[in-house]
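Structural overview
Residue-level listing of the chains:
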Amino acid sequence: MMNMMTKPESRYDVLFEPVKIGPVTAPNRFYQVPHASGMTNALPRVRAAFREAKAEGGWGVICTGACSIDLSSDDAPLPMATMWDDNDIKAHALMTDAVHKHGSLAGVELWHGGASVMNRSSRVAPISPSGIPWMATHVGFMGNLRPRSMDRQDIKDVLRWQAEGARKARTAGFDIVYVYAGMGYLGYEFLLPEYNHRIDEYGGSIANRVRFVREMIEVTKDAVGEHCGVALRISLEELRAKLGTHHPSEAHEVIELLSDVPDLFDVKMDSSPTDCSASRFTGEGSHEPVIDFVKSLTSKPVVGVGRFTSPDTMVSQIRRGVLDLIGGARPSIADPFLPNKIREGRIDEIRECIGCNICISSWHDGVPVRCTQNPTAGEEWRRGWHPENAGKADKPERVLIVGGGPAGLEAALTLGRRGHEVTLADSRASFGGRLTFEKTLPGLAAWNRVVDYRLGRLNEMTNVSMYLESTLGVDEIVDLAPDHVLLATGSRWTNMLYSPMEIPVGRVEHPNVFTPDDIAAGRLPEGPTLVFDFDNYYMGGVITEHLAALGIPVSYATPAGQASAWTLMTNELPLVHRALTRRNVTVTTLQTVSAFDGETVTLSQIFTGEKQTVQCRNLVIVGLRMPNDDLFNALELRTGEIDAAGIKSVRRIGDALAPGAIAHAVHNGHLAARELGLGPLGFRRDAPIVEFEPAFTSVAGLLEA
Ligand code: ADP
Ligand code: SF4
């Protein structure tokens, strides 16, 4: 019989066991792996608070993103951390102190980018094993300075920078220090024969190619190994595809050669689209086929990722001997409190990552991370937003929200949590707004977690009333006479065309012109169809896939250089093209639509104006979205009645204010709920720490450069 004084065994208890990492011990198996946050050393307080939220939420290890060890590893203008001087130490110490407050370990991903960085800011020639550059095809990563080959002194220098970086990291309070050999960066370049053509002891055989990484780990251990765990982060995708001499692959051989050297293996894929793949194309646990062998070749703990949000999947990874620590980047952004929720049995309350990769787009944009599911991400210090606690309102008020899409649902949830009396009404038969249709499109089912999470919590609240099939106009709003009105009425797609000035201009009026709203309403084209996309995010590509899946002969045209061009930012672009090709869709780029008569579409090349015609009976335009603000405008005209009804404020939120990605709508709904009754709250602007006058000698390598 169970002793009534002890906690019942939970099948998730294994996730809360401590794990030894060299001289330090992780308090549990939840490991926030290094991930880009867009928060450089210029935003030290924003960064510390962002990482602290996860420590508070139960993640046992919290790591920085890539942290440069020398100015020859300079990714600017992409955001990166640095460990170059005493000011950097101070900046990082804010984060380690914040993490330690909650009993978690702090890790730092020391990093040298090798040939993958362009050193745009430092202007020193990038270094590489053999002068082989990364010839990126996308503008943000293209460079016009090729790397130089490293000589023996360069190798010694990098080893010294790594050791110095490790010592600085320890001074900053880090418990785990990384050597990075992944994602095309310097260590990885030594491992891969495509990059490494050296004829000395660092090139050739696999044992030689591993030498640089081994020495990087050894110097790190010598510098800090008595006090800090030393982790190796390594990409195994390409190596696993290469036949080994004594083992099935070179990945096996590398892990065997290094099996005792680091205190922890952090294993991953090689490129952002496969490492951080979007849910549209890849499911949970997608790394397993590449990394599943690692634990069989080492006794050291292994951490890996896979957008794990299900505790059962996590337990299965441990029980089946795939991983020792459950790595999380996106799941920890979407829900910093994921571990605590599992420990407390609040599984339904997990705010599961939807795999949209808006977080990654923030890094490409060079700004602090934003998240579709978690509107507080990146706002912890700046706006003082806690991910789980929005604070109680001084005075509960009656709030009417019109529209139950992402913006309305988030506003209702946050207002409900703040103790207000909330009424949420939507015209439709179900809540979810745009996601009611979008979740049915190829690959987008997981996006509905935005709705599921919020509806689940709202259904538990007694101070929130929800009404479906309730279209509200001015009269109804005046009759209800709430204290405040939030209009979350969404947006609509228009049939506007596009001009060489890169603005929406003109329309084609024809019964066979469609927008995504028509398709959502079930009005489907019959016969050959062209999708013309100048929205550039996912909708054009995914609607094309949807129509093709329905058996409609469909082709795709865009004024951009690629299909769904902005999805480069979310790592989806290569897979969008692959998906369209698999569905036999012809993709035409750099074209605008200049005419359509129900039988042919005329396309014009955007630079030359050269015309071509395409036979098609239907044209689907995925271009400009405009707010559904008729209700707002009608209310504006009747302010006398609004005032007489005692309505204190009317505010548009989400797409009804400014159409955008779901992340914008959720953030805006959250903001409105926080500000209700208080007015604009503003935010704090972070600033770099400059306690020490920067000196030449404090930056390794500067004198030589
Ligand atoms: P957002 O992304 O900003 O949340 P959505 O387009 O997803 O916007 O959702 C808008 C929701 O508002 C839709 O579900 C729509 O049915 C609802 N809606 C629009 N106008 C009204 C109205 N007058 N009364 C009630 N619901 C409305
Ligand atoms: Fe997940 Fe999207 Fe949030 Fe990134 S932005 S953590 S992918 S929900």
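Considerations on the domain arrangement of the protein chain
Per the domain assignment, the segments making up the protein chain are domain 1 (30–365), domain 2 (398–490 + 628–675) and domain 3 (493–626). Look at where the C-alpha atoms of domain 1 and domain 2 centre, and you get two points 41 Å apart. Each partner contributes residues to the interface: domain 1 has 14 residues there, and domain 2 has 12 residues. Roughly 1,000 Å² of surface becomes buried between domain 1 and domain 2 when both sides are summed, with 59% attributable to carbon and sulfur atoms. Three residues stand out in domain 1 for area buried against domain 2, namely Arg280, Arg351 and Ile354, and they jointly supply 47% of the buried area on that side. Across the salt bridge formed by Arg449 and Glu352, the nearest N and O atoms sit 3.5 Å from each other. Run the count over domain 1 and domain 2 and you get 2 residue pairs in polar contact (both at pLDDT 80 or more). Residue composition of the side of domain 1 that touches domain 2, grouped by class: 5 nonpolar, 3 polar and 6 charged.

Points about the sheet that holds strand β24 (residues 587–588)
Spatially, the 5 strands line up as an open sheet ordered β21-β28-β22-β23-β24, and their pairing is parallel. The sheet is open, and its two edges are formed by β21 (513–514) and β24, each paired on a single side. Summarising the sheet, strand β23 (residues 554–557) and β24 pair through 2 bridges and their orientation is parallel. Across the sheet, Tyr556 pairs through a bridge with Val587, a residue of β24.

Considerations on the site of ligand 2
Around ligand 2, the surrounding shell consists of Arg330, Ile333, Ala334, Cys353, Ile354, Gly355, Cys356, Asn357, Ile358, Cys359, Cys371 and Thr372. Here ligand 2 occupies the second largest cavity. Every element with two or more residues in the shell around ligand 2 is listed here: α12 (330–334) and α14 (358–365). Of all the elements, α12 adds the most residues to the shell around ligand 2, at 3 residues. Here the shell around ligand 2 is composed, by residue class, of 8 nonpolar, 3 polar and 1 charged.

Points about the site of ligand 1
Lining the immediate environment of ligand 1, one finds 22 residues, of which Ala407, Asp426, Arg434, Leu472 and Asp655 sit closest. One nitrogen or oxygen atom from the main chain of Ala407 is found 2.8 Å from an oxygen atom belonging to ligand 1. In this structure, an oxygen atom belonging to ligand 1 sits 2.7 Å away from a side-chain N or O atom of Asp655. Coverage of ligand 1 by the protein chains reaches 91% of its 580 Å² of free accessible surface. Most atoms of ligand 1, that is more than half of them, are within 2 Å of grid points of the second largest pocket.

Comments concerning the sheet that holds strand β15 (residues 421–425)
Taken together, the 5 strands give an open sheet; going across it, the order is β16-β15-β14-β17-β30, and neighbouring strands pair in parallel fashion. Either end of the sheet is taken by a strand with one partner, and the two such strands are β16 (464–467) and β30 (649–652). Strand after strand, the sheet turns through a mean of 15° between neighbouring axes, direction not considered. Across 5 bridges, the pairing between strand β14 (residues 398–402) and β15 is parallel. Residue pairing in the sheet places Arg398 in a bridge with Glu421 of β15.

Remarks on the nonpolar core
Judged by nonpolar contacts, the single largest core of 78 residues is most densely connected at Leu15, Val158, Leu191, Leu232, Leu236, Leu258 and Ile342. Ignoring any residue separated from it by four or fewer positions in sequence, one finds Leu236 in contact with Ala251, Ile255, Val267, Lys268, Asp270, Val290, Ile291, Phe293 and Val294. Grouped together as the second largest cluster of nonpolar side chains are 57 residues, Phe431, Ile519, Val531 and Val554 included.

Topic: the layout of surface pockets
One simple way to see leftover space: roll a probe sized like a water molecule over the atoms. In this model, the second largest pocket occupies a volume close to 680 Å³. Residue assignment for the lining of the second largest pocket shows that the elements contributing at least two residues are α15 (406–417), α16 (435–438), β18 (491–493) and α19 (516–520). Counted by class, the lining of the second largest pocket contains 16 nonpolar, 13 polar and 8 charged residues.

Points about the pairing of strand β11 (residues 264–268)
When you tally the buried positions in β11, you get 5 out of 5 residues, the bulk of the element. Both faces of β11 are covered, namely the face carrying Leu264, Asp266 and Lys268 and the face carrying Phe265 and Val267. Here 5 bridges tie strand β10 (residues 229–235) to β11, and the two strands are oriented parallel to one another. Pairing of Ala231 across the sheet is with Leu264, part of β11.

Here is what the cut-offs are and how they apply
- All residue numbers here refer to positions counted from 1 along the written sequence of the relevant chain.
- Lettering for chains starts from A, numbering for ligands starts from 1, and both go in the order in which the items are written.
- Local features are withheld for residues below a pLDDT of 70 in this predicted model, meaning they are given only at 70 or higher, and side-chain atom pairs are given and counted only at 80 or more; totals for whole chains, interfaces and linings count all residues.
- Excluding hydrogens and water, the side-chain values take into account all heavy atoms of the structure.
- What counts as a domain boundary in this text is fixed by an automatic or database domain assignment.
- Every residue pair with non-hydrogen atoms within 4.5 Å of one another is taken to be in contact.
- Throughout, the accessible surface (probe 1.4 Å) given up by two parts as they are put together, summed over both, is called the buried area.
- Note on definitions: salt bridges are taken to be side-chain nitrogens of Lys or Arg within 4 Å of carboxyl oxygens of Asp or Glu.
- Pairs of N or O atoms are called polar contacts if they sit within 3.5 Å, as long as, within protein, a hydrogen donor faces a hydrogen acceptor (for residues adjacent in sequence, only side-chain-to-side-chain pairs).
- Residue classes follow a fixed rule: Ala, Val, Leu, Ile, Met, Phe, Trp, Tyr, Cys and Pro count as nonpolar, while Asp, Glu, Lys and Arg count as charged, and any other residue, Gly among them, counts as polar.
- Should DSSP find at least two bridges between two strands, the strands are regarded as paired.
- Strands are runs of DSSP state E lasting at least 2 residues, helices are runs of H or I lasting at least 4, and numbering of each runs from the N terminus.
- Nearness of a residue to a molecule or strand requires only that one of the residue's heavy atoms be within 4 Å of it.
- The distinction between a cavity and a pocket rests on a 1 Å grid over the protein atoms alone: a 1.4 Å probe fits inside a cavity but cannot get out, while a pocket stays open yet meets protein on both sides within 12 Å along at least five of seven lines, and a residue with an atom within 4 Å of a point counts as lining.
- Molecule-in-pocket calls rest on the fraction of atoms, with more than half required to lie within 2 Å of the cavity or pocket grid points.
- To measure how exposed things are, a 1.4 Å probe is used in the Shrake-Rupley method; for residues, cover is taken only from the protein chains shown.
- The axes used here are C-alpha line fits, helices contributing only the stretch in contact, and every angle between their N-to-C directions lies in the interval 0 to 180 degrees.
- In this description, a nonpolar core means a group of buried Ala, Val, Leu, Ile, Met, Phe, Trp, Tyr and Cys residues linked to one another through side-chain atoms lying within 4.5 Å.
- Accessible area is worked out with a 1.4 Å probe on protein chains only. A residue is then buried under 20% of its type maximum, exposed over 50%, and partly exposed in between.
- Grid points are joined across faces, edges and corners, and a volume is the space filled by probe spheres set on the points.

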